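Single-letter residue listing:
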Amino acid sequence: MRLAMIGLGKMGSNMTLRLIEGGHEVVAIDRDVDIARELGTKGAVFAENVADGIAKLKAPRVAWVMVPEKVTDSVIDDVASHLSKGDVLIDGGNSNWKDSRVRAERLSKKGILFCDAGTSGGVWGLKNGYCLMVGGTPEAVKLCEPIFKTLAPVDGYAHMGPPGAGHYVKMVHNGIEYGLMQAYAEGFEIMKTSPFGLDLHKIAAIWGHGSVVRSWLLELLESALKDDTDLKSIRGWVADSGEGRWTVQASIDQDVPAPVITLSLQARFRSRQDESYGAKILAALRNQFGGHAVKKA
């Protein structure tokens, strides 16, 4: 198939290359024209801008948007202005599922089909493939299925349901990821402070063989610890891109207890504080009611 890839960051660029390797023709579009031009030297079809790129497609045209969540709306509107009835727009970014439902409805009024493709795989997706959780009408998903099957590893793609379902499942996927990462972080910190002088890289390595806690995340942790066990080059400041917050909000809206995911999100907030004012309050109160010693700044 021929499709346009709009947004050539780490994910979009690697997805473009995987699609080309799989026999597809990909029109490369990015606001940084030099990135699109470079991909043109690697087999992509270079486009100056969205209008130029969409013009290089044949009906029914397929455009995959892979941009940060904060600019997704404006990019989708720009792309949609160049599409026609029967064309398909795919949003593969980390969009809120509620926004995806609204966008699908807005595009349907113009006769444009919409798919929300929850995409997991990170920078390793080019080699290993991307797990794709796709929402959309059966008609839209069927039309784009050759693309999804090329991007995903064997059995790594499935149609989740109507528009919004793909991003909903990806949201919960990332919420679970928060909890798993926090559990590894806490466990390895406990071992680091043990009286045994444990080799944490060795432990991460052996746990990857037969252990019930083995996972790809653990393999990545082993890789991170290999050359820098103390992680001296990394500051303990952890961002969140939104999906954890949305998962916690969904648990509240749906009356589902999710203490692990909620607390893992809160731990990320704590990581961004150089000095916790709340902790100072606790220290001051202990000193006030019990005369407990405090550490002076």
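See above for the structure.
The paragraphs below set out a description of the structure included in this document. (Residues numbered from 1 in each chain as written. Predicted model: local features only at pLDDT ≥ 70, side-chain atom pairs only at ≥ 80, totals over all residues. Heavy atoms only, no water.)

1. Thoughts on the sheet that holds strand β6 (residues 113–120)
The cut-off we apply is this: Criterion used throughout: strands pair if DSSP finds at least two bridges between them. Each helix corresponds to a stretch of at least 4 residues labelled H or I by DSSP, and each strand to a stretch of at least 2 residues labelled E; elements are numbered beginning at the N terminus. The criterion used for residue contact is that any of the two residues' heavy atoms lie within 4.5 Å. Orientation is described by lines fitted to C-alpha atoms, with helices fitted over the stretch in contact, and by angles between N-to-C directions that extend from 0 to 180 degrees.
Read from one edge of the open sheet, eight strands run β3-β2-β1-β4-β5-β6-β7-β8, paired in mixed fashion. The two strands at the open ends of the sheet, each matched to only one other strand, are β3 (45–46) and β8 (157–161). Pairing geometry for strand β1 (residues 2–6) and strand β4 (residues 62–65), over three bridges, is parallel. Counterpart to Met5 in the pairing with β4 is Trp64. Here helix α4 (residues 72–80) sits on the sheet and contacts β1, β4, β5 (88–91) and β6; the angle it forms with β5, its principal contact strand, is near 165°. Seen against the sheet, helix α5 (residues 97–108) touches β5 and β6 and runs at an angle of roughly 155° to β6.

2. Let's talk about the state of the cysteines
Threshold: Any two cysteine sulfur atoms lying within 2.5 Å of each other are counted as a disulfide. Note on classification: 1.4 Å probe, protein chains only; a residue is buried when its accessible area is under 20% of the maximum for its type, exposed when over 50%, partly exposed between these limits.
A full pass over the atoms with the stated rule returns zero disulfides. With no disulfide of its own, Cys115 lies closest to Cys144 among cysteine sulfurs, the gap being 4.7 Å. For Cys115, a relative accessible area of 0% translates into the label buried.

3. Looking at the pattern of salt bridges
To be explicit about the condition: Salt bridges are defined as contacts in which a side-chain nitrogen from Lys or Arg sits within 4 Å of a carboxyl oxygen from Asp or Glu.
A complete count under the given rule lists 16 salt bridges for this structure. The residue Asp73 makes a salt bridge to Arg106 at a minimum N-O spacing of 3.1 Å. Note that Asp73 is positioned in helix α4 and Arg106 in helix α5, a separation of 33 residues in sequence. Here Arg272 ties to Asp240 by a salt bridge, and the two come within 2.5 Å at their closest N and O atoms. Highlighted residues: Arg272 in the loop between α12 (259–271) and α13 (277–290) and Asp240 in the loop between α10 (216–226) and α11 (243–253), separated in sequence by 32 residues. For Arg272, a relative accessible area of 24% translates into the label partly exposed.

4. Quick look at the packing of aromatic side chains
Filter applied, for reference: The criterion for an aromatic pair is that two Phe, Tyr or Trp rings (for Trp, the six-membered ring) have centres within 6.5 Å, with stacked assigned to planes under 30 degrees apart, edge-to-face to planes over 60 apart and tilted to the rest.
Overall, the coordinates contain four aromatic pairs when judged by the stated rule. Ring centres of Phe148 and Tyr157 lie 5.4 Å apart, and the angle between their planes is 35°; this geometry places the pair in the tilted category. Of the residues examined, Phe148 reaches a relative accessible area of 0% and is grouped as buried. Note on Phe188 and Trp207: the rings are 5.5 Å apart at their centroids and 75° apart in plane angle, and the pair reads as edge-to-face. Of this pair, Phe188 sits in helix α8 (residues 165–192) while Trp207 sits in helix α9 (residues 200–207), and the two are 19 residues apart along the sequence. By way of ring pairs, the aromatic residues Trp64, Phe148 and Tyr157 are connected into one cluster.

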